Amino acid sequence: MTGLSPLRLKRGLRAARSVALSRMYGDPRKVTVETLNGYGRMIDLPGTIEYALEVVRAWNHDMRELKSRFHVLANVPALLMWGSLDRAVAPESAHELAANLKNAKLIVMNGIGHMPYEEAPEPFNRLVLDFLDGGDSPALGSSPDAPNSD
């Protein structure tokens, strides 16, 4: 028999998931076994990989569609939160987006990757709650335990 056994294939997929998820964090050491297992269960759901591939295939089209609607979204209040170490969506693109959304507040969390809600949940939640409360606290992201913000 040639090819991979189901067990070897499963082990290979687990390793690939671990590497991919670790790249989503600014500090890969923050990825826990529970996080890996949780995402592993989601990826195992039927259709998940096909959906992820479709997102990648449609990315350029979706970005063109978003840009064509900036005029509709320009004055909608928005909170844009980016990690300075985001490897999935370049932090530089946050500034372009913020420039087109006139009523947007951009916060760049230093040292954080693509998923700040997981990597730094407490500061992330504080920043979101402050935004929802209508605040514009000068201390946003500047407390000793919070990543810096832009």
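Presented here is a report on the structure given in the accompanying data block. Every value quoted in this text rests on a predicted model; they were computed, and no experiment measured them.

### A word on helix H5 (residues 91–100)
(1) Moving on: Looking at H5, one finds that the buried residues are Pro91, Ala94, Leu97 and Ala98. Burial along H5 is one-sided: seen end-on, the buried residues are contained in an arc of 100°.

### Re the nonpolar core
(1) Moving on: One finds Phe70, Leu80, Trp82, Val89, Ala94, Leu97, Ala98, Leu101, Leu106 and Val108 forming the largest nonpolar core, which totals ten residues.
(2) Moving on: When contributions to this core are tallied by element, the ones reaching two or more residues are strand E1 (78–83), H5 and strand E2 (104–109).
(3) Moving on: Broken down by element, this core gets its largest block of residues, three residues, from H5.
(4) Moving on: Grouped together as the second largest cluster of nonpolar side chains are seven residues, Met81, Met109, Ile112 and Phe124 included.

### Things to note about helix H3 (residues 48–68)
(1) Moving on: For H3, spanning 21 residues, the distance from its first C-alpha to its last is 28 Å, which sits close to the expected 30 Å at 1.5 Å a residue.
(2) Moving on: In the structure, H3 departs most strongly from a straight axis at tryptophan 59, where the bend amounts to approximately 55°.

### Thoughts on the pairing of E2
(1) Moving on: Both E1 and E2 contribute to a ladder of six bridges, which runs parallel. By the bridge assignment, alanine 78 is partnered in E2 with alanine 104.
(2) Moving on: Between the parallel elements E1 and E2, the chain passes through H5 in a crossover that is right-handed.

### What to know about the packing of aromatic side chains
(1) Moving on: With the rule as written, the count across this model stands at one aromatic pair.
(2) Moving on: Ring centres of tyrosine 117 and phenylalanine 124 lie 6.0 Å apart, and the angle between their planes is 70°; on these two criteria the pair is classed as edge-to-face.

### Details of the side chain of glutamate 119
(1) Moving on: By the secondary structure assignment, glutamate 119 is in helix H6 (residues 116–119).
(2) Moving on: The side chain of glutamate 119 is buried and forms no salt bridge, while lysine 30, the nearest opposite charge, is found at 4.3 Å.
(3) Moving on: There is a polar contact of 2.9 Å between the side chain of glutamate 119 and the backbone nitrogen of glycine 113.
(4) Moving on: Aside from chain neighbours lying at most four places away, what touches glutamate 119 is Met24, Tyr25, Gly26, Asp27, Lys30, Gly111, Ile112 and Gly113.

### Considering the pattern of salt bridges
(1) Moving on: Per the counting criterion, the structure on display carries four salt bridges.
(2) Moving on: When the shortest N-O distance is used, the salt bridge between aspartate 27 and arginine 29 registers 2.9 Å.
(3) Moving on: Since its relative accessible area comes to 18%, aspartate 27 is described here as buried.

### Points about the layout of surface pockets
(1) Moving on: Approximately 860 Å³ is the volume found for the largest pocket.
(2) Moving on: As for the largest pocket, its lining consists of 23 residues, and the residues nearest its centre are Ala20, Met24, Ile43, Ala52 and Val56.
(3) Moving on: Of all the elements in the fold, those that place two or more residues in the lining of the largest pocket are helix H1 (6–24), helix H2 (33–43) and H3.
(4) Moving on: Each pocket or cavity is described by its volume, and for the second largest pocket that value is around 350 Å³.
(5) Moving on: Taken together, 16 residues make up the lining of the second largest pocket; nearest its centre are Met63, Trp82, Val89, Ser93 and Leu97.
(6) Moving on: When contributions to the lining of the second largest pocket are tallied by element, the ones reaching two or more residues are H3, E1 and H5.
(7) Moving on: With four residues, the top contributor of residues to the lining of the second largest pocket is H3.

Thresholds, definitions, all that
Residues numbered from 1 in each chain as written. Predicted model: local features only at pLDDT ≥ 70, side-chain atom pairs only at ≥ 80, totals over all residues. Heavy atoms only, no water. Buried < 20%, exposed > 50% of the residue type's maximum accessible area, 1.4 Å probe, protein only. Helix = DSSP H or I, 4+ residues; strand = E, 2+ residues; numbered from the N terminus. Arc of directions from axis to C-beta. Core = buried A, V, L, I, M, F, W, Y, C linked by side-chain atoms within 4.5 Å. Expected span 1.5 Å × (residues − 1). Bend = angle between axes of the 7 residues up to and from the residue. Pairing = 2+ DSSP bridges. Right-handed = clockwise from strand over helix to strand, strands pointing away. Phe/Tyr/Trp six-rings, centres within 6.5 Å; stacked < 30°, edge-to-face > 60°. Lys, Arg positive; Asp, Glu negative; His and termini not counted. Salt bridge = Lys/Arg side-chain N within 4 Å of Asp/Glu carboxyl O. Polar contact = N/O pair within 3.5 Å; in protein donor to acceptor, adjacent residues only side chain to side chain. Contact = heavy atoms within 4.5 Å. 1 Å grid on protein atoms, 1.4 Å probe; cavity = no way out; pocket = protein on both sides within 12 Å on 5 of 7 lines; lining within 4 Å. Points joined across faces, edges and corners; volume = space filled by probe spheres on them.

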